[in-house]
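One-letter residues, chain by chain:
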Amino acid sequence: VENYSAGVNLSWEADIWGRIRSNDRAFQARYLQTVAAHQAVKTELIAEIASMYYQLLALDEQARITRETISTRQSGLETTKALKEAGVVTEVGVKQTEAQLYRVEAVLIELENNIRLLENALSILLGDSPKALDRGDLDEQEITTDLRIGVPAQLLSNRPDVIAAEYNLMNAFELTNVARAGFYPSLSLSANGGFQSLELSELFNVNSLFANLAGSIAQPVFNRRQIKTQYEVSREQQEIALLDFKRALIIASREVSDALYNYETAVARIEIKTNEFEAYDLATTYSEELLNNGMVNYLEVLTSRENALNSQLELVNSRLAELNAIIDLYQALGGGWQ
């Protein structure tokens, strides 16, 4: 027997125990958690770009210092040859000066190669093909924010990972409420209506109309053990989410504190390294003057020059560490997300 029908089924459940509301809030929290995770990825990308950019500026500065050193040592080599002719130094001094010059030239080649590699990596990170990048100078980078140890705890709420952990806890809490509501009876109404006929030609006839309305109360009896297990699992997942949230807060606090301590250490190190370089630079100048008058051994001049160059390069690294500490603090405080 062929039977033709076209109809609509509707159902409504009274949300007496808040199961539907809790389920809706759980889905909202899950969505907001994914938004926070997206923001965390953006923050990490921005921090990585900034770090690579400052590293590129530091390499530029080290390359500039090395080129100046090469020029100075080329002049020093000519002076050493003249001193040899005058009998002040021996051929050993000349060769040692040449060796120092070659060493600095090798350092410059390595720096220039690192600059090109970093330019390529940064270009790709910016979504472009590898190429030379226009940029400023390391000395132009200024820190205008007054940074001190001690950050208000409410600032940690801007961190996307903390926000994501909080929404995960909210999601787990609401799902626990959904599982708890499963112990209680549910009241629902269902309605259906439409057309039904044995003949297709009579389907949409008035006589083919039908409608039903029914109400029901359902009380879980046979599956209470399953509902209890689901509830216990939900509670454990809520506890895990709470621990993850606390862990995210602790890690965030530590990262902010580490970034601030690194910043203060870098500032103090810059001051010390500046004084160190100035001392080595004066020592180099004095030793060269004394050498010209035949009052010191040439090894003292070589040592002073080498120490001055290393100290100047380390000063650039200290400046880079200061800027990287700012980037770490930016990321540790949530990358500017409100």
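Before any of the text, the structure's been laid out above.
Calculation criteria
- Residues numbered from 1 in each chain as written.
- Predicted model: local features only at pLDDT ≥ 70, side-chain atom pairs only at ≥ 80, totals over all residues.
- Heavy atoms only, no water.
- Salt bridge = Lys/Arg side-chain N within 4 Å of Asp/Glu carboxyl O.
- Helix = DSSP H or I, 4+ residues; strand = E, 2+ residues; numbered from the N terminus.
- Buried < 20%, exposed > 50% of the residue type's maximum accessible area, 1.4 Å probe, protein only.
- Phe/Tyr/Trp six-rings, centres within 6.5 Å; stacked < 30°, edge-to-face > 60°.
- Core = buried A, V, L, I, M, F, W, Y, C linked by side-chain atoms within 4.5 Å.
- Contact = heavy atoms within 4.5 Å.
- Axes fitted to C-alpha atoms, helices over the stretch in contact; angles between N-to-C directions.
- Parallel < 35°, antiparallel > 145°, perpendicular 65-115°, else oblique.
- Left-handed = near helix turned anticlockwise from the far one by under 90°.
- Nonpolar A, V, L, I, M, F, W, Y, C, P; charged D, E, K, R; others polar.

Draft legend 1. Structural detail: the pattern of salt bridges. Counted according to the given criterion, the structure contains 16 salt bridges. Of the charged contacts, one joins Glu174 and Arg25 as a salt bridge, the two residues approaching to 3.2 Å between their closest N and O atoms. Of this pair, Glu174 sits in helix 3 (residues 160-181) while Arg25 sits in helix 1 (residues 19-85), placing them 149 residues apart in sequence. Relative accessible area serves as the criterion here: at 37%, Arg25 is assigned to the partly exposed category. Through salt bridges with shared partners, a single ionic network connects Asp60, Glu119 and Arg135.

Draft legend 2. Molecular detail of the packing of aromatic side chains. Applying the stated criterion across every chain yields a total of one aromatic pair. Where Tyr53 meets Tyr54, the ring centres are 6.0 Å apart and the plane angle is 55 degrees; that geometry is what we call tilted. Looking at Tyr53, the relative accessible area reads 27%, which means it is partly exposed.

Draft legend 3. Region of the structure containing the nonpolar core. With 27 residues, the main nonpolar core has Tyr54 and Leu56 as its most contacted residues. When contributions to this core are tallied by element, the ones reaching two or more residues are helix 1, helix 2 (91-125) and helix 5 (298-332). The dominant element in this core, judged by the number of residues it contributes, is helix 1, at 11 residues. Leaving out residues up to four positions away in the same chain, Tyr54 has contacts with Gln141, Leu320, Leu323 and Ile327. Formed by 14 residues, the second largest nonpolar core is a distinct cluster that contains Leu169, Phe245, Val256 and Leu329.

Draft legend 4. Just the environment of Leu242, in detail. Note on placement: Leu242 falls in helix 4 (residues 224-292). As for Leu242 and Ala165, which are separated by 77 residues in sequence, their C-alpha atoms are 8.3 Å apart.

Draft legend 5. Up close: the packing of helix 3 against helix 4. It is at 8 Å that the axes of helix 3 and helix 4 come closest, and there the two elements cross at 165 degrees. Accordingly, the angle class assigned to the pair helix 3 and helix 4 is roughly antiparallel. In terms of crossing hand, the pair formed by helix 3 and helix 4 is left-handed. The residue inventory of the contact of helix 3 with helix 4, partitioned by class, reads 15 nonpolar, six polar and five charged.

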